[in-house]
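# An overview of the molecular structure
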Amino acid sequence: MSTVKMATSCVRRSVLSQTLNRFRSSGGDLIQISAGNSRQQSGSSLTSQSVAGKHSACWVKVSKHESNGRNIKITQRGGGGGGGGGGGGGRRRTVLWATIAFSLFSSSDEDKRDEAQRKEDELILLLKKAKLSLYRGQLQAASGFLHQAVGLAHQTHNNQAIIYTYSLMANLAYVQGHLDNAEKLFKAAMSFMLSGGTPQDDNAVIEMSLKLATIYAEQNKKELAEHGFRFCTESLEAKLGKQKDESAEQQTGETEEQEALRKETRLLLGLCLDSRARYRASTRRLNQATQDYQTALNICRQEQGETHPQTLVLMSDLATILDLQGRHDDALALIQQAVDLSRSSGHPDQHVLLGNMAGILLHTGRLEDSVRLYHEALSLAQQAGDQEAVEKMQEGLKEVKKRREQERKEEQQEAAEE
């Protein structure tokens, strides 16, 4: 069984499931669009499988819809009457018409505010329906709700809502495998962001650029993919350098906000390196892939800890590349460490790590240990309902069986020659 194929496949599956998990998160993660207090609450978890991200949708606020009332001007000419009574009647009519005019103006202005609020509420409802559909795995229904939402956002000229909805639609298209459509939607979202004054090195822009680079890599558009990955990594490295210089000039240490931005930027850099490493491994540039994986792993360890699920996935991926380079001892030591940590921390994809370790053991000729781990990984994959992993473990066991038969034939030939 090809270990790199299994690792790549599992990472791809992890990427897509993480994208869906963003949609499936709790209600607090859905953008809140309110007339009085516009805000978005979103948990930030930047990890390498978010290519997709294993993370980060475009974090935007949807601003309050502003409505402009029409000025209604009503002119009243008072008629002449007899004596003081006629004058008083004219004044009363003037007051009456003024009251009516004010009432008409207020009613029109209020109606427009009510209409804006109604459309805002409808937009929120459509996004909630889309989120619920995604949670239930009803992707077509979710797509329909998102199309309605973006139409309403365009109708109300709410650019921030347009950006947010386009980013959701693009991620959904990517999950569905509609890469051309995902590319167009990501570009549309980026266009609205940049035209609205968002800097090119903003993390949200870079994350979308990374997703585009990943799409180009899958479409085998090598030059576009390389350019995209290079833009992302160089932009983030420059940004981190600038942040470091600014912090040094302050001489008072980083504020909480600066620390949060620095960490987010570093994790996004780790994601970019992880994504580029997978691309380079797929094109057999193993030395470059090793460098990217090692740097991404160092970042993840520093920012998220030794036992974080993404740290363990990166350890497994790096071990896979080392194994392909013939560095079996280094690969086995690293994957053994990842498996041990996954057992103690309860890693959700422990069966993937075990399967990778079984493959490395197979390549080193330790067939009995390989079979034992393949069976353990197979059992866990079945419990998790991961059919793709189940098939990979079964393929690995078949490969072990072939290796045993081959060794038996070689032994028989040697015995016959003696």
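Just above, that's the structure.
Rules and cut-offs
Residues numbered from 1 in each chain as written. Predicted model: local features only at pLDDT ≥ 70, side-chain atom pairs only at ≥ 80, totals over all residues. Heavy atoms only, no water. Helix = DSSP H or I, 4+ residues; strand = E, 2+ residues; numbered from the N terminus. Buried < 20%, exposed > 50% of the residue type's maximum accessible area, 1.4 Å probe, protein only. Polar contact = N/O pair within 3.5 Å; in protein donor to acceptor, adjacent residues only side chain to side chain. Contact = heavy atoms within 4.5 Å. Expected span 1.5 Å × (residues − 1). Axes fitted to C-alpha atoms, helices over the stretch in contact; angles between N-to-C directions. Parallel < 35°, antiparallel > 145°, perpendicular 65-115°, else oblique. Left-handed = near helix turned anticlockwise from the far one by under 90°. Nonpolar A, V, L, I, M, F, W, Y, C, P; charged D, E, K, R; others polar. Salt bridge = Lys/Arg side-chain N within 4 Å of Asp/Glu carboxyl O.

Structurally, Thr-290 can be placed in helix α9 (residues 286-304). Classification of Thr-290 as buried rests on a relative accessible area of 12%. At a separation of 2.8 Å, a polar atom in the side chain of Thr-290 contacts the main-chain carbonyl oxygen of Leu-286. Among residues more than four places away in sequence, those in contact with Thr-290 are Leu-318, Ile-321, Leu-322 and Gln-325.

Here we come to helix α13 (residues 367-384). Taking 1.5 Å per residue, 18 residues should reach 26 Å; α13 reaches 25 Å between its end C-alpha atoms and fits that length. Among the residues making up α13, those that are buried are Leu-367, Ser-370, Val-371, Leu-373, Tyr-374, Ala-377, Leu-378 and Ala-381. For α13, the elements touching its buried residues are α11 (328-345), α12 (350-363) and α14 (387-417). Gly-385, located one to two residues past α13, shows a positive phi value of around 70°.

Here Ala-204 shows up in helix α6 (residues 203-218). Look at Ala-204 and you get buried, because its relative accessible area is 15%.

As a further point, take the packing of helix α8 (residues 256-282) against α9. The contact between α8 and α9 brings their axes to 8 Å, and the two run at 155°. Taken together, the axes of α8 and α9 lie roughly antiparallel to each other. In the crossing of α8 with α9, the sense of the turn from one axis to the other is left-handed. Residue classes in the contact of α8 with α9 are distributed as 10 nonpolar, five polar and nine charged.

What follows concerns the environment of Leu-212. Here Leu-212 shows up in helix α6. By relative accessible area, which is 8% here, Leu-212 ends up buried. A C-alpha to C-alpha distance of 7.2 Å links Leu-212 and Phe-186, two positions 26 residues apart in sequence. For Leu-212, the residues in contact, after removing those within four places along its chain, are Glu-183, Phe-186, Lys-187 and Met-190.

Okay, the pattern of salt bridges next. In the structure shown here, the tally under the stated rule is 18 salt bridges. Between Arg-285 and Glu-226 there is a salt bridge; the shortest N-O distance is 2.6 Å. One end of the pair, Arg-285, is in the loop between α8 and α9; the other, Glu-226, is in helix α7 (residues 222-250), and 59 residues separate them in sequence. Looking at Arg-285, the relative accessible area reads 26%, which means it is partly exposed. With a shortest N-O distance of 2.9 Å, Asp-292 and Arg-280 are connected by a salt bridge. Of the two residues, Asp-292 is situated in helix α9 and Arg-280 in helix α8; the sequence distance between them amounts to 12 residues. Through salt bridges with shared partners, one network takes in Glu-115, Arg-118, Lys-119 and Glu-122.

These values are about where atoms sit, not about what they do.
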